[in-house]
Amino acid sequence: MNPATTSSDPLLSVQHLKTQFFTPGGVVKAVDDVSFDLQAGETLGIVGESGCGKSVTSMSIMRLIAPPGKIVGGKILFEGRDLLAMNDNEMRHVRGKEVAMIFQDPMTSLNPTLTIGRQITESVELHLKLNGRAAQIRAAELLALVGIPSPQKRLADYPHQFSGGMRQRVMIAMALSCDPKLLIADEPTTALDVTIQAQILELMGRLRDEFHMAVMLITHDLGVVAGMADRIIVMYAGHIVEEALAADLYHDPRHPYTLGLLRSVPRLDSDRRSRLIPIGGLPPDLVNVPPGCPFAPRCTFAVDESLKERPELHPVAANHAVACWVDVRTARPHEAIVEQLAEGAEPVSVPVSAEV
């Protein structure tokens with residue numbers, strides 16, 4: 001259990017998860033010793049740049065990692081049962097019924113050759129043992145639940161006959177078809193415009209409360225999880241670098257990477273003339289992760305220890321943990337790097353032995 005987590009008997013407990021991809025260029029450590037808990041009815045946001053390991057974490061929970069990928073270590077306990085110890089048949093009964101997932105792109109996740117009704121009833125028939133007319137009625141009820149007009153008529157339509165937002169609603173309906181206890185939403189609003197994004201997030205929040213299910217919301221956008229998540233995990237280079245209650249993370253971020261993410265998001269209450277500060281540089285190569293903190297080459301607060309040893313996740317306040325060698329509230333950033341980042345340039349090598 002992470003230092004930031006205090007509740008007992010979680011619905012989901014991920015313990016020291018390690019998922020790697022064995023490629024010709026080397027072993028990619030996509031998820032490297034990740035641990036967290038999720039309580040029943042809780043919404044957990046997992047945030048980070050592309051390639052940080054958040055989606056691989058969710059796919060590992062669903063046991064959908066395909067070669068050359070492999071889960072090489074750890075436990076995934078769902079209601080006390082280790083999903084990694086289950087055989088394929090046992091996992092099929094969990095996947096979709098107890099743990100469901102909304103994928104990133106509904107157009108590629110839906111089968112273009114099958115009607116929407118058939119794709120929904122397939123899961124209902126398998127897990128709820130409903131057939132024929134009963135399965136059709138259940139499918140229409142689900143489409144109505146997610147706000148699709150004329151649900152009975154739309155069961156006969158194909159995915160290409162729906163808009164992007166409607167396709168995402170269909171994916172949500174499919175995920176909810178068997179009343180899961182955990183819903184994993186992997187970038188559910190990425191391909192949608194901001195108005196539809198807000199509608200989808202509002203829908204997910206309402207359905208979460210109505211069904212009292214836990215939600216794991218995966219995104220690269222801190223703005224998406226701001227109004228929905230109870231707790232947020234920030235990932236970088238396959239590791240958790242910060243974990244806190246949502247309000248604490250936004251008002252008192254403790255990791256330089258979290259600060260960078262927040263500074264690169266526009267705010268309605270900020271001066272319109274102020275410039276966004278991008279995070280310079282690129283994430284590390286996960287085949288050859290440098291020693292020390294993986295964020296050090298891009299960090300404005302790096303110290304000697306940052307280049308020598310990776311910091312462990314440790315508590316800094318109640319329900320707040322961070323993996324960093326410095327306290328960003330009192331540390332002074334390296335001015336030369338800050339100037340470069342403000343100009344959008346890549347930073348030079350981190351100056352060690354600098355006053356911070």
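About the cut-offs
- Residues numbered from 1 in each chain as written.
- Predicted model: local features only at pLDDT ≥ 70, side-chain atom pairs only at ≥ 80, totals over all residues.
- Heavy atoms only, no water.
- 1 Å grid on protein atoms, 1.4 Å probe; cavity = no way out; pocket = protein on both sides within 12 Å on 5 of 7 lines; lining within 4 Å.
- Points joined across faces, edges and corners; volume = space filled by probe spheres on them.
- pLDDT = per-residue confidence, 0-100.
- Helix = DSSP H or I, 4+ residues; strand = E, 2+ residues; numbered from the N terminus.
- Contact = heavy atoms within 4.5 Å.
- Expected span 1.5 Å × (residues − 1).
- Buried < 20%, exposed > 50% of the residue type's maximum accessible area, 1.4 Å probe, protein only.
- Pairing = 2+ DSSP bridges.
- Axes fitted to C-alpha atoms, helices over the stretch in contact; angles between N-to-C directions.
- Phe/Tyr/Trp six-rings, centres within 6.5 Å; stacked < 30°, edge-to-face > 60°.
- Lys NZ or Arg CZ within 6 Å of the ring centre and 35° of its normal.
- Salt bridge = Lys/Arg side-chain N within 4 Å of Asp/Glu carboxyl O.

**Observations concerning empty space enclosed by the protein**
A water-sized probe rolled over the atoms picks out the places where empty space is left. According to the stated counting rule, one finds four cavities of 30 Å³ or more in the structure shown. Space inside the largest cavity adds up to approximately 80 Å³. Taken together, 14 residues form the lining of the largest cavity, with Cys293, Cys299, Ser306, Cys324 and Trp325 sitting closest to its centre.

**Some points on the confidence of the model for the chain**
Taken residue by residue, the chain gives an average pLDDT of 87. The fraction at 70 or more is 88%. Averaged over each element, pLDDT in the chain is lowest for helix H12 (residues 335–342) (50) and highest for strand S4 (residues 69–78) (98). Across residues 1–7, where pLDDT falls below 50, the model places 20 contacts with residues more than four positions away in sequence or in other chains. When the criterion is pLDDT under 50, residues 344–356 qualifies, and its contacts beyond four places in sequence or with other chains add up to 34 contacts.

**Focus on the layout of surface pockets**
In this model, the largest pocket occupies a volume close to 570 Å³. In terms of lining residues, the largest pocket is bounded by 19 residues, among which Arg95, Gly96, Phe103, Ser123 and Met174 are the most central. When residues of the lining of the largest pocket are traced back to their parent elements, those giving at least two are strand S6 (99–102), helix H4 (116–128) and helix H7 (164–176). Among the elements that line the lining of the largest pocket, the one with the most residues is H4, at five residues.

**What about helix H8 (residues 194–211)?**
The terminal C-alpha atoms of H8 lie 26 Å apart, and with 18 residues this matches the ideal 26 Å at 1.5 Å per residue to within 8%. Residues Gln197, Ile200, Leu201, Leu203, Met204, Gly205, Leu207 and Arg208 constitute the buried set of H8. Tucked inside the fold, the buried residues of H8 contact strand S3 (43–47), helix H5 (132–145), H7, strand S7 (182–186), strand S8 (214–219) and helix H9 (222–225). Just past H8, the residue histidine 212 takes up positive phi, approximately 50 degrees.

**A look at the sheet that holds strand S2 (residues 26–38)**
Pairing is antiparallel across the open sheet formed by four strands, whose spatial order is S2-S1-S4-S5. In the strand order of this sheet, the two ends are held by S2 and strand S5 (81–82), each with one partner. Direction of pairing for S4 relative to S5: antiparallel, over a ladder of two bridges. Residue pairing in the sheet places leucine 77 in a bridge with aspartate 82 of S5. Of the strands in this sheet, strand S1 (12–23), S2 and S4 are in contact with helix H1 (residues 54–61), which crosses S1 at around 110 degrees.

**Remarks on the sheet that holds S6**
Across the sheet, which stays open at both edges, the eight strands sit in the order S6-S7-S8-S3-S9-S10-S12-S11 with mixed pairing between neighbours. The sheet terminates laterally at S6 and strand S11 (314–317), the two strands that pair on one side only. Averaged over all pairs of adjacent strands, the angle between their axes in this sheet comes to 20 degrees, without regard to strand direction. With respect to the sheet, H1 is in contact with S3, S6, S7, S8 and strand S9 (231–236), its orientation differing from that of S8 by roughly 145 degrees.

**What about the pairing of S1?**
Pairing of S1 with S4, which is carried by eight bridges, proceeds in the antiparallel orientation. Across the sheet, the residue bridging to serine 13 is leucine 77, located in S4. Here S1 pairs with S2 via 10 bridges, running antiparallel. The partner of phenylalanine 22 across the bridge, within S2, is valine 27. Between S1 and S2, which pair antiparallel one after the other, the connecting turn spans two residues.

**Focus: the packing of aromatic side chains**
The description of an aromatic ring pair uses the distance of the two centres, along with the angle that the planes make with each other. Under the defined criterion, the tally for this structure stands at three aromatic pairs. Connected via pairs of aromatic rings, a cluster forms that spans Tyr236, Tyr257 and Phe295. The ring of phenylalanine 162 carries arginine 154 above its face, with NZ or CZ at 4.0 Å from the centroid.

**A short note on the pattern of salt bridges**
Throughout the structure, instances matching the rule amount to 16 salt bridges. Between glutamate 79 and lysine 181 there is a salt bridge, and its shortest N-O distance comes to 2.9 Å. With glutamate 79 in the loop between S4 and S5 and lysine 181 in the loop between H7 and S7, this residue pair connects regions lying 102 residues apart in the sequence. A salt bridge links arginine 208 to aspartate 209; its shortest N-O distance comes to 3.1 Å. Relative accessible area serves as the criterion here: at 54%, aspartate 209 is assigned to the exposed category. Linked through salt bridges whose partners overlap, the residues forming this network are Glu79, Arg81, Glu98 and Lys181.

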